[in-house]
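Now for the letters of each chain:
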Amino acid sequence: MVFHLDKCIGCHTCSIACKNVWTDREGTEYMWWNNVETKPGTGYPTKWENQEEYKGGWKKNGDKLELRSTSKKKIIPNIFHNPSMPSMDDYYEPWTYKYDELFNAPEGDDQPVARPVSMITGEPMDIEAGPNWDDDLGGSPVYAANDPNMDVLSEPERKQMLAIERMVMFYLPRICNHCLNPSCVASCPSGAMYKRGEDGIVLINQDRCRAWRSCVSACPYKKTYYNWSTGKSEKCILCFPRLESGQAPACFHSCVGRIRYLGNVLYDADQIEQAARSPDGELVEAHRKMVLDPNDPEVIAAARASGIPDGVIESAQKSPVFRFVKDWKLALPLHVEYRTFPMLFYVPPLLPVMSQTEGDVVRSDVDDLFADIEKTRAPIAYLGKLFAAGNDGKVRYALRKQLAVRIWRRHVTVGDIDEETAKRALVEAECTPEEADAIFKLTSLATFDDRFVIPPFQREMAMEMITDPHEHRSSAGFGFREAPTRS
Amino acid sequence: MNDFVLLGVLPYIAVVVFLLVTIQRYRMKGFSYSSLSSQFLENQHHFWGSVPFHYGILVVLLGHVIGFLMPTAILSWNAEPVRLLILEVTGIAFAILTLVGLVNIVLRRMTNRLARRVTTWSDLAVYALLLVQVISGIAIAVFEGWGSSWFATSLTPWLWSLIKLSPDVSYVAPLPGIVKVHIVNAFLLIGFFPFTRLVHVLVVPNPYLWRKTQVVIWNWDRSRLRKTT
Ligand code: SF4
Ligand code: SF4
């Protein structure tokens, strides 16, 4: 999965699509399997990135990798009360309005109003927070100023970032990352959580979940949620019923900005353990190294040998994710320092291209249309903390290349930049005209089929593996499971 | 006669209900096996209820199991009054821990509006039964100083007579009323157990400690799939 952040318009269509399909039930009202937050901001649930408090993800202990929260050792003393479990206050209490009172109120002197009522208790309530309370930097003195990622910035940098004339923001849509090294799965005492081998989707077996809630604290992205009504945890299922029938997940399908790309990649699972122990600065590279080139004959042979169907290999070759992540190195994982190896990658935002900072002031009237990336409004260090575990070079590389593509395309389409300048920009960004055109095409002109390359799931064959198709041939109809015995 | 019904018949009914319903519920409605935690709705008071209650009850139950399995060991331990005192005091301490936890649990369920929302009739029944059980247990420990020896000399043989399908209530019939309340209520708890969220006790996640860290499940048998394409 790749989300291209420059293209996200923050419309929340994705969240609504998901909510309508999956989380419109009792116990799930507060869940947003897909949510879009404004950065800088504290996000949803509040300050989810602060792992000192929430204890999500893995930490390196010498050469060993340990869950920060309920590891095997810690589950015994903590099973009766999970010390790092977020509570509903950290999300928000869901509410609705008594709309019928607008119509049924008896005639009187006052205008009838629809009072907010809690969706948990049904009682009237005062609304104190919502899942998007800081949308578009609303209340930023409180929210943006408390963004845990701002820690890496110096005091003047922080001040500048929040100063009104320099205000910078972008949207960060988030779903479960369906990680390679999922801490949620590793923490589940019941063994109810698992990663599907075929497509890597991380799921919770609802019949086996017993509400120990370990996954909720273990997921550093806070993407498993506890259903207070059923007593089971739930999470994004990447719309697997849609995927299995060849459709893109609801949030991908409905995305207005067309920022979302989906495709399978072949990776070397044997490297995961070693890679997860890399030092912070090398995590992005270690992660990238696990993704294999599906056009490499050796990789193809190895994939075949381990039983990957040809259809899956073919779609890996067409995968937009492979191109963004490995080929072009444009897409980066969110908070890879949690060491779960998220399989959702983000193209870091470059916008706004046309403004430049001079001292404390942002100017949009400069002649040079393409500002130096060092002077972009969002400090590189901030992006580096989000997308590269502090290795700012990775972000710089991605931004420089994106900028070079723009310069190149400006040269091609408008022509007010001469070829030499444009080519120099490309060379500096380690890019070629062909690559720049390909990036441009997949970024701006991509069709549905370019964006979503869904491998054949071969359910018909998968079925054969689970049950013998001849099993029910002679059985009575109406769903009886036993064959008639007459002989 | 009453004694026979309560001490000779009720245990069988309770155990049969327990076995039939837990198994059937697991098979037919496995989804409903959950501890139904409400920590998500209320995170602070929960600690002072759940933690003391669980630790307390685990130790107390362990004591009962030891008394049942090793009655002679208990008796010889109790031969010295000092040691009896140590045993009784430890028992009482953990029983009080249990009671503190239980009272906190009930208070939390009554006072917190969100926790109240998820409290069902079956929860209330469980709380009532547990309160009777723990309070009667503490009363025995405090007022009937030889409780643990009685367990070894009277309850254990009676339980064995139940297991051997020849119930002999004469072992327990002469015991004080409060002990009988404790016993009868225990079997009521066992009988109600499968209808409540107490079933989470049966699915404690012990395999976690030795399973592999990550769980990957394939629908395809990869090697066979290869041959069919
Ligand atoms: S993002 Fe998804 S797969 Fe990764 S740890 Fe969280 S719930 Fe698990
Ligand atoms: S639908 Fe697409 S553009 Fe709109 S908020 Fe979601 S990710 Fe961004």
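Structural data are supplied above this passage.
Residues numbered from 1 in each chain as written. Chains lettered and ligands numbered in written order. Predicted model: local features only at pLDDT ≥ 70, side-chain atom pairs only at ≥ 80, totals over all residues. Heavy atoms only, no water.

A. Looking closely at the site of ligand 2. Close to ligand 2 lie 14 residues; Cys 8, Cys 11, His 12, Cys 14 and Cys 255 of chain A are nearest. Residues that form the shell around ligand 2 fall into these classes: 9 nonpolar, 4 polar and 1 charged. (Near = heavy atom within 4 Å. Nonpolar A, V, L, I, M, F, W, Y, C, P; charged D, E, K, R; others polar.)

B. Highlighting the sheet that holds strand S12 (residues 260–263) of chain A. All names here are of chain A. Overall, mixed pairing links the 5 strands, which are arranged S13-S14-S1-S12-S17 in an open sheet. Edge positions in the sheet fall to strand S13 (332–333) and strand S17 (452–453), since each has one partner strand and no second. Summarising the sheet, strand S1 (residues 2–4) and strand S14 (residues 345–347) pair through 3 bridges and their orientation is parallel. By the bridge assignment, Phe 3 is partnered in S14 with Tyr 346. In this fold helix H14 (residues 320–327) packs onto S1, S12, S14 and S17, with an angle of close to 105° to the strand it touches most, S12. (Pairing = 2+ DSSP bridges. Helix = DSSP H or I, 4+ residues; strand = E, 2+ residues; numbered from the N terminus. Contact = heavy atoms within 4.5 Å. Axes fitted to C-alpha atoms, helices over the stretch in contact; angles between N-to-C directions.)

C. How the structure looks around the pairing of strand S4 (residues 64–67) of chain A. All names here are of chain A. Looking at chain direction, strand S3 (residues 58–61) and S4 are connected through 4 bridges and run antiparallel. Pairing of Lys 59 across the sheet is with Glu 66, part of S4. Between S3 and S4, which pair antiparallel in sequence order, lie 2 residues; one of them, Gly 62, sits at a positive phi of approximately 65°.

D. Summary view of the site of ligand 1. All residues adjacent to ligand 1 are Cys 176, Asn 177, His 178, Cys 179, Pro 182, Ser 183, Cys 184, Val 202, Cys 219, Tyr 221, Thr 224 and Lys 235 of chain A. Tallied by class, residues from the shell around ligand 1 come to 7 nonpolar, 4 polar and 1 charged.

E. Layout of the packing of aromatic side chains. Here the structure, examined in full by the defined rule, presents 27 aromatic pairs over all chains. Taking the centre distance of 5.0 Å and the plane angle of 75° together, the rings of Tyr 30 of chain A and Tyr 91 of chain A count as edge-to-face. One end of the pair, Tyr 30 of chain A, is in the loop between helix H1 (13–22) and strand S2 (35–39); the other, Tyr 91 of chain A, is in the loop between helix H3 (72–78) and strand S5 (95–97), with 61 residues separating them in the sequence. Exposure remark for Tyr 30 of chain A: the relative accessible area of 0% places this residue in the buried category. Taking the centre distance of 5.0 Å and the plane angle of 90° together, the rings of Tyr 26 of chain B and Tyr 33 of chain B count as edge-to-face. Classification of Tyr 26 of chain B as partly exposed rests on a relative accessible area of 43%. In this structure an aromatic cluster arises from ring pairing among Phe 3, Phe 252, Tyr 346, Phe 387, Phe 448 and Phe 452 of chain A. Positioned over the ring face of Phe 252 of chain A is Arg 260 of chain A, at 5.6 Å from the centre of the ring. (Phe/Tyr/Trp six-rings, centres within 6.5 Å; stacked < 30°, edge-to-face > 60°. Buried < 20%, exposed > 50% of the residue type's maximum accessible area, 1.4 Å probe, protein only. Lys NZ or Arg CZ within 6 Å of the ring centre and 35° of its normal.)

F. How the structure looks around the interface of chain B and chain A. With 48 residues of chain B in contact, the opposing surface of chain A contributes 68 residues. Taken together, both faces of the contact between chain B and chain A bury some 5,000 Å²; the carbon and sulfur share is 59%. Sort the elements by how many residues they give to the side of chain B that touches chain A and helix H2 (residues 45–69) of chain B lands first, with 7 residues. Grouping the amino acids of the side of chain B that touches chain A by side-chain chemistry returns 24 nonpolar, 15 polar and 9 charged. Where strand S8 (residues 193–196) of chain A meets strand S1 (residues 216–217) of chain B, 2 bridges bridge the pair, whose relative direction is parallel. Paired with Lys 195 of chain A across the bridge in S1 of chain B is Val 216 of chain B. (Buried area = accessible area lost by both parts, 1.4 Å probe.)

G. View of a nonpolar patch on the surface. All names here are of chain B. A cluster of nonpolar residues, Phe 4, Val 5, Leu 6, Val 9 and Ile 13, forms a patch on the protein surface that exposes about 380 Å² of accessible area. For Val 9, the location among the structural elements is in helix H1 (residues 2–28). Assessed through its relative accessible area of 31%, Val 9 is described here as partly exposed. (Patch = residues over 30% accessible without salt bridge, like charges linked within 9 Å, V, L, I, M, F, W, Y side chains within 5 Å. Areas by Shrake-Rupley, 256 points an atom, 1.4 Å probe, with all protein chains shown as cover. Salt bridge = Lys/Arg side-chain N within 4 Å of Asp/Glu carboxyl O.)

H. Quick look at the sheet that holds strand S9 (residues 202–204) of chain A. On the basis of which strands lie adjacent, the open sheet formed by 3 strands has the order S9(A)-S8(A)-S1(B) and mixed pairing. Every other strand in the sheet has two partners, leaving S9 of chain A together with S1 of chain B as the edge strands with one partner each.

I. Looking closely at the packing of H2 of chain B against helix H4 (residues 81–111) of chain B. All names here are of chain B. Two numbers describe how H2 lies on H4: the axes approach to 7 Å, and their chain directions differ by 145°. Seen along the crossing, H2 lies across H4 with a hand that is left-handed. In contact with His 45, His 46, Trp 48, Gly 49, Ser 50, Pro 52, Phe 53, Tyr 55, Gly 56, Ile 57, Val 59 and Val 60 of H2, H4 contributes Gly 91, Phe 94, Ala 95, Leu 97, Thr 98, Val 100, Gly 101, Leu 102, Asn 104, Ile 105, Leu 107 and Arg 108. Of the residues in the contact of H2 with H4, the class split is 14 nonpolar, 9 polar and 1 charged. (Left-handed = near helix turned anticlockwise from the far one by under 90°.)

J. Layout of H1 of chain B. Residues and elements named next belong to chain B. For H1, built from 27 residues, the straight-helix expectation of 39 Å at 1.5 Å per residue is met to within 8% by its first-to-last C-alpha distance of 36 Å. At Val 9, H1 is deflected by roughly 40°, the largest bend along its length, and proline Pro 11 occurs up to four residues later in sequence. For H1, the set of buried residues is Leu 7, Gly 8, Leu 10, Pro 11, Ala 14, Thr 22 and Arg 25. In the core, the buried residues of H1 are packed alongside helix H7 (147–163) and helix H8 (177–192). (Expected span 1.5 Å × (residues − 1). Bend = angle between axes of the 7 residues up to and from the residue.)

K. Up close: the pattern of salt bridges. Residue and element names in this part refer to chain A. For the structure shown, the criterion picks out 25 salt bridges over all chains. Between Asp 437 and Arg 409 there is a salt bridge, and its shortest N-O distance comes to 2.8 Å. Taken as a pair, Asp 437 in helix H18 (residues 433–445) and Arg 409 in helix H16 (residues 392–413) lie far apart in primary sequence, 28 residues in all. Its relative accessible area of 30% is what places Asp 437 among the partly exposed residues. Residue classification places Arg 409 among the buried residues on the basis of a relative accessible area of 17%. If you follow the salt bridges from partner to partner, you end up with Lys 39, Glu 49 and Asp 147 in one network.

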